[in-house]
Amino acid sequence: MKLVETDIKVRYQETDQMGVVYHANYLVWFEIGRTAFIEELGFQYHDMEAEGIVSPVVDAQMQFKHPVRYGQIAKVITWLKEYDGLKVTYGYKILDGNGAVAVTGSTQHVCVKKESFRPVSIRKAFPAWHKAYLAAKGEE
């Protein structure tokens, strides 16, 4: 299974009055990790969008273990948790500056036509992505 690690420097504006990362920012960090994962596979979201296809989040889960604080370097670890040719679920683990697991979670996505939001098969519309996803899961 392919893992992609992305460092995030915790900025002051991402924290609350307690100096810990505000919970909604973890979703942004998930997106940063997901984008890095896709780029590591050799693809770009904007190439998909140029063909009139978008990939909305249809489900998001987060579990909070302990806070990440201002000034730390957090690490987002991203992997392909599930893939069936239509739906893609990415898994995430966020480590705090000391390497402890702070947040875990997942996001599920489907590809749809931008104008109609009708589902699109990744397997058929983007065979190279399909192959790369299978390889990332170790299912070549």
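Computed from a predicted model, the values in this text were never measured in an experiment.

K.L.:
Can you walk me through the overall build of the chain in this structure?
P.N.:
Counting its regular elements, the chain contains four helices and seven strands. Counting helices and strands in the order they occur from the N terminus, the chain gives β-α-α-β-β-β-β-β-β-α-α. The globule rule puts the C-alpha radius of gyration for 140 residues at 14 Å, and the 16 Å found for the chain is close to it. Seen along its three principal axes, the alpha-carbon backbone of the chain occupies a region of about 45 × 35 × 20 Å. Counting across all 140 residues of the chain, residues that qualify as buried make up 43%. Taking as baseline every contact in the chain between residues at least 6 positions apart, the subset at least 24 positions apart corresponds to 67%.

K.L.:
In this structure, what is going on with helix α1 (residues 25-40)? I would like to understand it.
P.N.:
Turn by turn, an α-helix covers 3.6 residues, leaving residues three or four places apart pointing in a common direction. With 16 residues, α1 extends 23 Å from end C-alpha to end C-alpha; this agrees with the ideal 22 Å at 1.5 Å per step. Those residues of α1 lying buried are Asn25, Tyr26, Trp29, Phe30, Gly33, Arg34, Ala36, Phe37 and Ile38. Following α1 by one or two positions, Gly42 adopts a phi angle in the positive range, close to 100°.

K.L.:
Even after reading the chapter, I still don't get the sheet that holds strand β5 (residues 87-95), so can you show me in this structure?
P.N.:
Whether parallel or antiparallel, the strands of a sheet pair through hydrogen bonds between backbone atoms. A sheet is described by the order of its strands in space; here five strands give the open sequence β1-β4-β5-β6-β3, paired in antiparallel fashion. In this open sheet, the two edge strands, each paired with only one partner strand, are β1 (3-9) and β3 (57-64). Along the sheet, successive strands turn relative to each other by an average axial angle of 20°, direction set aside. The pairing of strand β4 (residues 73-83) with β5 spans eight bridges and is antiparallel. Bridge pairing in β5 places Val76 opposite Ile94. Sitting on the sheet, helix α4 (residues 127-137) touches β4 and β5, and the angle it makes with β4 is about 110°.

K.L.:
Teacher, can you tell me more about the packing of aromatic side chains here?
P.N.:
Two descriptors summarise a pair of aromatic rings, namely the distance from one centre to the other and the angle between the planes of the rings. All told, the structure shown has ten aromatic pairs when counted by the stated rule. Taking 5.4 Å as the distance between ring centres and 90° as the angle between the ring planes, the aromatic pair formed by Tyr26 and Trp29 counts as edge-to-face. With Tyr26 and Trp29 both in helix α1 and three residues apart, this pair spans about one turn of that helix. On the accessibility criterion, Trp29 (0% relative accessible area) is buried. Measuring from centroid to centroid gives 6.1 Å for Phe126 and Trp129, while their planes differ by 40°, and the two rings are tilted. Here the two residues Phe126 and Trp129 agree in accessibility, since each one is buried. Through a chain of ring-to-ring contacts, three or more aromatic side chains come together here, namely Phe37, Phe43, Tyr83, Tyr90, Phe126, Trp129 and Tyr133.

K.L.:
I'm lost on the environment of Lys131 in this one. Help?
P.N.:
As for its position among the elements, Lys131 is in helix α4. C-alpha separation for the pair Lys131 and Glu5, spaced 126 residues apart in sequence, amounts to 21 Å.

K.L.:
Honestly, the nonpolar core in this entry has me stumped. Any pointers?
P.N.:
Soluble globular proteins tend to pack their nonpolar side chains together in the buried interior. Ranked by size, the top nonpolar core spans 34 residues in total, and within it Trp29, Val68, Tyr90, Ile94 and Tyr133 carry the most contacts. Those elements that provide at least two residues to this core are β1, α1, α2 (45-50), β4, β5, β6 (101-110) and α4. Ranked by the residues each element gives to this core, the list is headed by α1, at six residues.

Scoring rules and cut-offs
Residues numbered from 1 in each chain as written. Predicted model: local features only at pLDDT ≥ 70, side-chain atom pairs only at ≥ 80, totals over all residues. Heavy atoms only, no water. Helix = DSSP H or I, 4+ residues; strand = E, 2+ residues; numbered from the N terminus. Rg over C-alpha atoms; globule rule 2.2 N^0.38 Å. Buried < 20%, exposed > 50% of the residue type's maximum accessible area, 1.4 Å probe, protein only. Contact = heavy atoms within 4.5 Å. Expected span 1.5 Å × (residues − 1). Pairing = 2+ DSSP bridges. Axes fitted to C-alpha atoms, helices over the stretch in contact; angles between N-to-C directions. Phe/Tyr/Trp six-rings, centres within 6.5 Å; stacked < 30°, edge-to-face > 60°. Core = buried A, V, L, I, M, F, W, Y, C linked by side-chain atoms within 4.5 Å.

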